[in-house]
Each structure stands twice: as structure tokens, then as C-alpha cells.
Amino acid sequence: MRILISNDDGYLAPGIEALASALAQVADIVVFAPDSNRSGASNSLSLDRPLSVQQAANGFYVVNGTPTDCVHVALTGVLDYRPDLIVSGINNGPNMGDDTLYSGTVAAATEGYLFGIPAIAFSQAEHGWAHIDAAARVARDIVLRRFDELRAPWLMNVNIPNLPYEQMGALTATRLGRRHQAEPVIRALDPRGRQIFWIGPPGATRDAGEGTDFHAVANGLVSITPLQVDLTHRDQLHELARGLA
């Protein structure tokens with residue numbers, strides 16, 4: 001198996017190092033990752049400037065762009081083969097519920113999916129990298145699972161509890177939960193006395209019931225959510241068509 005790995009925390013993040021090390025034991029890997037932290041970049045492409053690709057001392061390819069840039073450049077400009085799988089992460093913190101819309105980790109996997117390649121985004125449920133090696137072992141287990149019962153390409157969003165491997169719960173199929181609206185921005189002053197704004201924390205969970213990713217992770221389970229990209233609101237499409245008629 002040939003796997004392309006990316007992330008949004010940057011090429012020096014412990015999560016991508018642990019993930020690459022674990023997957024190198026079972027596959028031929030190549031890593032294209034951002035030169036710095038690009039959390040929250042979502043599915044953005046850099047169209048206002050050229051991108052460069054450098055190879056770091058650890059062998060990773062470093063791109064001065066977003067996670068989506070990394071996968072896009074790798075697939076269309078650098079690699080002379082088509083990977084069998086795109087893997088993103090392991091993210092420093094969760095990507096559950098509405099977080100997936102903003103996540104650079106999920107975006108890197110989504111870019112591979114849009115090219116017709118199966119893809120998985122991996123995140124830890126809490127920040128701080130606790131038990132990152134255990135999370136990498138779980139990621140390897142999931143990659144080896146292959147999901148042959150699903151029609152390819154498929155896109156998976158995985159959230160892993162920060163637990164020792166032996167205490168990790170079962171792999172569990174989930175749906176995305178929902179959050180309340182985000183908290184207000186944080187106002188501050190820069191060194192010149194000008195007002196600046198920091199994006200505030202995400203909203204509290206609103207739908208975290210049984211069957212959601214939030215519920216699974218809170219109970220020590222590994223949440224696996226199949227995602228799709230079609231944003232069409234089909235019920236409103238029919239209502240709109242009737243109204244326009």
C-alpha cells in the first residue's frame with residue numbers, strides 16, 4: 001500500500017511524526033505537510049502566490065501553504081504515482097461535529113477524496129499529545145481495516161481518546177454531533193494600542209447524544225464518521241423548485 005500523509009499542525013508536529021512512524025511499518029509512505037501550523041485553514045487553496053516544496057531533514061516534504069495545498073501539489077505536481085490512501089493527522093485536539101467544517105486536518109483528507117482516493121482524517125480527542133503513540137497504533141489498525149465493504153472512494157473522520165492503547169475502546173461508527181454557536185471574539189490591544197480580535201472558543205456541545213462522535217469519545221470509544229461532500233439541501237431544492245414554478 002502506498003500512503004500520502006499530511007496534516008494541519010505542521011511538519012514538526014508530534015502527531016504527524018507518530019503517524020508516519022506507525023504507518024511506515026505497514027506501507028510505503030510519503031509526507032507532504034505545511035511549514036507551520038495551519039489549524040482552521042479548512043479547504044482553502046493558495047491562489048495569490050506561488051508555493052514551494054522543500055525536503056526536511058526527516059524526509060518529509062514541506063509546503064509553504066495549507067493542508068489542501070499540500071495534498072493538491074503532491075498529487076498533481078510532484079508524485080509520479082497515485083497513492084492508494086490519503087491519511088491526515090494526527091491532529092492536536094478533536095475534530096468533531098461542526099469542527100469538521102473548519103478543520104485543516106479533515107480538509108487534507110477531503111482533497112484526496114475529491115481526487116477519487118480513499119482518505120482518513122485522524123484527531124486526538126484532547127489537546128496536548130498525551131498517549132500519541134497509542135493513537136498512532138489505533139490509526140494503523142484502522143488503515144489495515146481497509147473498509148472493503150464500502151464503495152470507494154470514501155472519506156472517514158476519526159477521533160481517538162487520549163488513552164493508553166490497552167484501555168482504548170472499540171472502533172465505533174458514529175454521526176457528527178452539533179455545537180452551539182461559537183463564543184464571541186476576544187478583544188485586545190496590540191503593542192501600538194490598536195484594537196485586535198482573537199477568534200473565541202467553539203460553542204458547547206448541543207447534540208452529543210448516543211450515536212454521535214461526541215458521545216463515543218466521551219465514553220472512551222474510537223469514533224469513525226463517514227463524511228460526504230455534497231452540500232445540496234435536497235428538501236429545500238424541491239421546495240425552491242416549486243416556489244420558482
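Residues numbered from 1 in each chain as written. Predicted model: local features only at pLDDT ≥ 70, side-chain atom pairs only at ≥ 80, totals over all residues. Heavy atoms only, no water.

Caption draft 1: Geometry of the nonpolar core. Formed by 38 residues in total, the largest nonpolar core has its most connected members in Ile5, Val87, Ile120, Phe122 and Ile142. The leading source of residues in this core is helix α4 (residues 132-145), at 8 residues. Those residues in contact with Val87 that lie beyond four places of it in its chain are Ile3, Leu4, Ile5, Ser6, Leu19, Leu23, Ile120, Phe122 and Val143. Of all hydrophobic cores here, the second largest spans 18 residues; its members include Val30, Phe32, Ala74 and Ile86. (Core = buried A, V, L, I, M, F, W, Y, C linked by side-chain atoms within 4.5 Å. Buried < 20%, exposed > 50% of the residue type's maximum accessible area, 1.4 Å probe, protein only. Helix = DSSP H or I, 4+ residues; strand = E, 2+ residues; numbered from the N terminus. Contact = heavy atoms within 4.5 Å.)

Caption draft 2: Local environment of the packing of helix α1 (residues 14-23) against α4. For the pair α1 and α4, interaxial distance at closest approach is 9 Å and the crossing angle is 45°. Taken together, the axis directions place α1 and α4 in an arrangement best described as oblique. When you trace α1 past α4, the crossing you get is right-handed. Residues Pro14, Gly15, Ala18, Leu19, Ala22 and Leu23 of α1 pack against Ile132, Asp133, Ala136, Ala139, Arg140 and Val143 of α4. Per-class residue counts for the contact of α1 with α4 are 9 nonpolar, 1 polar and 2 charged. (Axes fitted to C-alpha atoms, helices over the stretch in contact; angles between N-to-C directions. Parallel < 35°, antiparallel > 145°, perpendicular 65-115°, else oblique. Left-handed = near helix turned anticlockwise from the far one by under 90°. Nonpolar A, V, L, I, M, F, W, Y, C, P; charged D, E, K, R; others polar.)

Caption draft 3: The pairing of strand β7 (residues 155-160), seen in detail. Extensive coverage of β7 is indicated by the burial of 6 of its 6 residues. Neither face of β7 is open: one carries Leu155, Asn157 and Asn159, the other Met156, Val158 and Ile160, and all of them are buried. Relative to β7, strand β6 (residues 119-124) runs parallel, the two sharing 6 bridges. Of the residues in β7, the one forming a bridge with Ala119 is Leu155. In this fold, β6 hands off to α4, which returns the chain to β7; that crossover is left-handed. Sheet analysis places β7 next to strand β13 (residues 222-227), joined by 5 bridges and oriented antiparallel. Of the residues in β13, the one forming a bridge with Met156 is Pro226. (Pairing = 2+ DSSP bridges. Right-handed = clockwise from strand over helix to strand, strands pointing away.)

Caption draft 4: Fine view of the sheet that holds strand β2 (residues 28-34). Pairing is mixed in the open sheet, where 9 strands are placed in the order β3-β4-β2-β1-β5-β6-β7-β13-β8. Here the strands that pair on one side only, and so sit at the sheet edges, are β3 (53-55) and β8 (171-173). Averaged over all neighbouring strand pairs, the angle between strand axes comes to 25°, with direction disregarded. Of the strand pairs in this sheet, β8 and β13 are connected by 3 bridges, and their pairing is parallel. When the bridges of β13 are listed, Leu171 appears paired with Val222. The sheet strands contacting α4 are β1 (2-6), β5 (85-91), β6, β7, β8 and β13, and the helix crosses β6 at an angle near 160°.

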